[in-house]
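Inside the fold
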Amino acid sequence: MKNKQLDKKITILGIGNTLFSDEGVGIHLLPLLEEALKEDENIEIIEGLTDGMKLLGPVEDAENLIIIDAINSGKEGGTIIKLEGDEIPAYFGIKMSIHQLGFQEVLFAAKMRERYPKQIVMYGMQPTSLQLGIGLTETNQSMLNELANVVLDQVKLWRRVL
C-alpha cells in the first residue's frame, strides 16, 4: 500500500542575492538540500534568486511551501530563524535587500488570488555581513549544515502530519 504522506508535494524555495555575502544563504543552502532529498520525487526545489514577481506561479502552485532566505532580525550573525504563516509577510516589512519587496508582493498577490499555500514556513539565518562579496561569511557558512537539518526536519514533520 502506498504511503499517502510521501505523496504530498513540498516546494522549497531558496531566495537571495549571492553577490552580497550572507544575503545569499537561501541559494547556498539548496545544493545540500538537493543532495539530501534527491530520492524524494515529491519535493520541488526552486532557486528563486531575486526573481520577485516571477515567483508568483511557483508560490501559487505550492501546496506546502518552505522559503529559505537571509532574515534580519537583529540577532547574532548565524542565528537560525523560523517564521510561520502570518509571521512571514510581517518580516518582509523590514526591507533589508532589493528582492524582499518583490517577494512580499508575491505573497500578497497569491493571497489576494486565493492561491496561497496551505502550509507555509520560512527558515533563514541572521546575516553577519551584507557587504559586496561572493560566498557566505565564515560564521554563516559554519551554520549551513545546521540550517539544512532544520529544513529537513520540517520536511519530515510535514510528511508525518500532512
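Scope of this entry: the structure provided in the associated data block. Nothing here was measured: the structure is a model prediction, and the numbers come from that model.

The next subject is the nonpolar core. Ranked by internal contacts, the top residues of the largest apolar core, which has 22 residues, are Ile 12, Leu 29, Leu 33, Ile 66, Ile 68 and Val 151. Per element, the largest residue contribution to this core is seven residues, and it comes from helix 8 (residues 144-161). Aside from chain neighbours lying at most four places away, what touches Leu 33 is Ile 12, Ile 45, Ile 68, Ala 148, Val 151 and Leu 152. Grouped together as the second largest cluster of nonpolar side chains are 20 residues, Ile 15, Ile 46, Val 59 and Ala 109 included.

Glancing now at the environment of Gly 14. As for its position among the elements, Gly 14 is in strand 1 (residues 10-15). With a relative accessible area of 0%, Gly 14 lands in the buried category. Considered as a pair, Gly 14 and Ile 46 are 32 residues apart in the sequence and their alpha carbons are 6.3 Å apart. With sequence-adjacent residues up to four places away left out, Gly 14 is seen in contact with Gly 26, Ile 27, Leu 30, Ile 46, Glu 47, Gly 48, Leu 49 and Ile 68.

Bringing helix 8 into the picture now. Residue pairs spaced three or four apart in an α-helix point in one direction, given the helix's 3.6 residues per turn. Counted at 1.5 Å a residue, the expected span for helix 8 with its 18 residues is 26 Å, and the 26 Å between its end C-alpha atoms agrees. Within the span of helix 8, buried status applies to Leu 144, Leu 147, Ala 148, Val 151, Leu 152, Gln 154, Val 155, Trp 158 and Arg 159. Down the axis, helix 8 shows its buried residues gathered within 150 degrees of arc, on one side only. With respect to the buried face of helix 8, the exposed residues turned more than 90 degrees away are Asn 145, Arg 160 and Val 161.

A separate point is the packing of aromatic side chains. Applying the stated criterion across every chain yields a total of zero aromatic pairs. Against the face of Tyr 116 rests Lys 111, its NZ or CZ located 4.7 Å from the ring centre.

This brings us to unusual backbone geometry. The backbone of Ser 21 sits at a positive phi, close to 45 degrees, despite the residue not being glycine. Of note, Ser 21 is situated in the loop between strand 1 and helix 2 (25-28). Its identity is not glycine, yet Glu 114 carries a phi of approximately 55 degrees, on the positive side. Positionally, Glu 114 belongs in the loop between helix 6 (98-112) and strand 5 (119-125).

A word on the environment of Leu 37. With respect to the helices, strands and loops of the structure, Leu 37 is situated in the loop between helix 3 (30-36) and strand 2 (43-49). Separated by 118 residues in sequence, Leu 37 and Val 155 have C-alpha atoms that sit 9.5 Å apart. Ignoring sequence-local partners within four residues, the contact set of Leu 37 consists of Ile 12, Ile 43, Ile 45, Leu 152 and Val 155.

Procedures and definitions
Residues numbered from 1 in each chain as written. Predicted model: local features only at pLDDT ≥ 70, side-chain atom pairs only at ≥ 80, totals over all residues. Heavy atoms only, no water. Core = buried A, V, L, I, M, F, W, Y, C linked by side-chain atoms within 4.5 Å. Buried < 20%, exposed > 50% of the residue type's maximum accessible area, 1.4 Å probe, protein only. Helix = DSSP H or I, 4+ residues; strand = E, 2+ residues; numbered from the N terminus. Contact = heavy atoms within 4.5 Å. Expected span 1.5 Å × (residues − 1). Arc of directions from axis to C-beta. Phe/Tyr/Trp six-rings, centres within 6.5 Å; stacked < 30°, edge-to-face > 60°. Lys NZ or Arg CZ within 6 Å of the ring centre and 35° of its normal.

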